[in-house]
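Chain residues, written in single-letter form:
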Amino acid sequence: MSTKLAALVSVLADKPLDESKKDWLVNREREVNYLKNVVSHLPFGILGVAGETGIGKTTVLNFVRPSNVFVLMVNISLRDTMESILYDLLYSISSKLEKDKDVGNYSKECKEWVSKEVATLKGFSLGVTLFANAGTKFEKSIAPRFNFFVAREKLGNLIKKAVQSKGKFVLIIDELDKEKKEDVLKVIDALKAQLLSENLIVIFSLPFAIYREYVADRMRWNEAGNLENVFKDIVFLEPMKPLEVKEMLIRRLKDYLELVDTEALELASDFSDGNPRDALWILSKSVYDNIGEKKLEKHHVLNTIRKVVNEYFSTGFSLTENQKKAINLLKDFKGPREKILKILQENGFKRTTAYSVLNQLIEKRFLIIREGNYKISGKFKFVDF
Ligand SMILES: Nc1ncnc2c1ncn2[C@@H]1O[C@H](COP(=O)(O)OP(=O)(O)O)[C@@H](O)[C@H]1O
Ligand SMILES: [Mg+2]
């Protein structure tokens, strides 16, 4: 890539920010400071950071680094079983601490133990697939199993040792936001006992659905809300405002602003519905689509948006005539439900049809709520139906 626009690709790369990219951070001071405060003052407990993917959870978590506490961030991914999650967590924590002067030795021991266990398990399942074909039968009793209890004990010991030597210990478990709500709840439930210990704070990144449930639990005063019992608090990351997304883009493009039309940035911001990842994605895609141009202009981004939306509809997703008509009528609308119903009825929709079309568009996320008002998602605002 030798053209000018190609230079934009690297500054638009989608990556969580951290201290080294502090200049690119927009807003979120409130959430970061809140978490820093809680982490410094709470004696122990489990916290969550929730929000849709791409909204900035990892970024916020990367800035929760109060000076008086020891912070460790790990990723775990859910596989088939609860046991494997426990192995994964123990492995991640011990790998990160194996060079630590205080707990390095024990960490190494834990890491090696997990590696050995996994090797045995893998070797066995490989053996099964190899020999099963050859007609060999395996007795159930000789199958190696996860040592769930040993793993849990080791995790408990490792955490205890870390807390003893570090004082306040903050463990951030990221990436669970990509998983299904039920699975995440199971993991947290399984680990709860190990994670509730003096001087240990655990922060999970969580999918949006868990936040919704947490709020509902909190409101049911007389029942013992499950989530409320586990989480001390869950911080919810709202979508950004359109101006904030634009600012995010400008900060990244600071040295190249003569190559990009402001309106192109506004369009990307509209498309994103306040999700910084979506803004970076559509703008990068627009750059690739127009890599030979001298400047990225509004109509370039518009074409890319239309292409993306067409691809979406060509995968089999479709709208009814009524839904299309309603979207076209509401493109520049922002306001409450009742007003939508009024507009639809003024334009020939029967009352009951207006109700059901409204609900369909909300359910399909063509109509979204931003700052208390309904509006057409920026993904579909610039397309003619
Ligand atoms: N407050 C912010 N200011 C600027 N850019 C942000 C902010 N939050 C997120 N981003 C950018 O948005 C993208 C998604 O952020 P990330 O933290 O990975 O989200 P999540 O963990 O919720 O999926 C990243 O490219 C990141 O740089
Ligand atoms: Mg993340």
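Placed above this text is the structure.
The structure displayed is predicted, hence computed values, not measured ones.

Rules used throughout
- Residues numbered from 1 in each chain as written.
- Chains lettered and ligands numbered in written order.
- Predicted model: local features only at pLDDT ≥ 70, side-chain atom pairs only at ≥ 80, totals over all residues.
- Heavy atoms only, no water.
- Phe/Tyr/Trp six-rings, centres within 6.5 Å; stacked < 30°, edge-to-face > 60°.
- Helix = DSSP H or I, 4+ residues; strand = E, 2+ residues; numbered from the N terminus.
- Lys NZ or Arg CZ within 6 Å of the ring centre and 35° of its normal.
- Axes fitted to C-alpha atoms, helices over the stretch in contact; angles between N-to-C directions.
- Parallel < 35°, antiparallel > 145°, perpendicular 65-115°, else oblique.
- Left-handed = near helix turned anticlockwise from the far one by under 90°.
- Contact = heavy atoms within 4.5 Å.
- Nonpolar A, V, L, I, M, F, W, Y, C, P; charged D, E, K, R; others polar.
- 1 Å grid on protein atoms, 1.4 Å probe; cavity = no way out; pocket = protein on both sides within 12 Å on 5 of 7 lines; lining within 4 Å.
- Points joined across faces, edges and corners; volume = space filled by probe spheres on them.

A. Examining the packing of aromatic side chains more closely. Under the criterion given, the structure shown has 15 aromatic pairs. Centre to centre, the rings of Phe313 and Phe385 are 5.6 Å apart; their planes meet at 80°, and the pair counts as edge-to-face. Residue Phe313 is found in helix α13 (residues 298-314), and its partner Phe385 is found in the segment after β8 (373-376); the two are separated by 72 residues along the sequence. Cluster of aromatic residues (ring-pair linked, three or more members): Tyr312, Phe313, Phe317, Phe366, Phe380 and Phe385. Looking at Lys21, its charged tip hangs above the ring of Trp24, at a distance of 4.9 Å from the centre. One residue, Lys379, lies across the ring of Phe271, its end atom 4.7 Å from the ring centre.

B. Seen up close, the packing of helix α11 (residues 262-272) against α13. Packing of α11 against α13 leaves a shortest axis separation of 7 Å and a crossing angle of 25°. Between α11 and α13, the interaxial angle falls into the category roughly parallel. In this structure, α11 crosses over α13, and the sense of that crossing is right-handed. In contact with Glu263, Ala264, Leu267, Ala268 and Phe271 of α11, α13 contributes Lys298, Val301, Leu302 and Ile305. Across the contact of α11 with α13, the residue classes break down as seven nonpolar, no polar and two charged.

C. Structural context of the layout of surface pockets. A volume near 880 Å³ is recorded for the largest pocket. Forming the boundary of the largest pocket are 35 residues, of which Glu238, Pro239, Ile369, Arg370 and Glu371 lie nearest the centre. Broken down by secondary-structure element, the contributors of at least two residues to the lining of the largest pocket are α2 (29-41), α8 (208-219), α10 (242-253), α11, β7 (367-370) and β8. In terms of residue count, β7 provides more of the lining of the largest pocket than any other element does, four residues in total.

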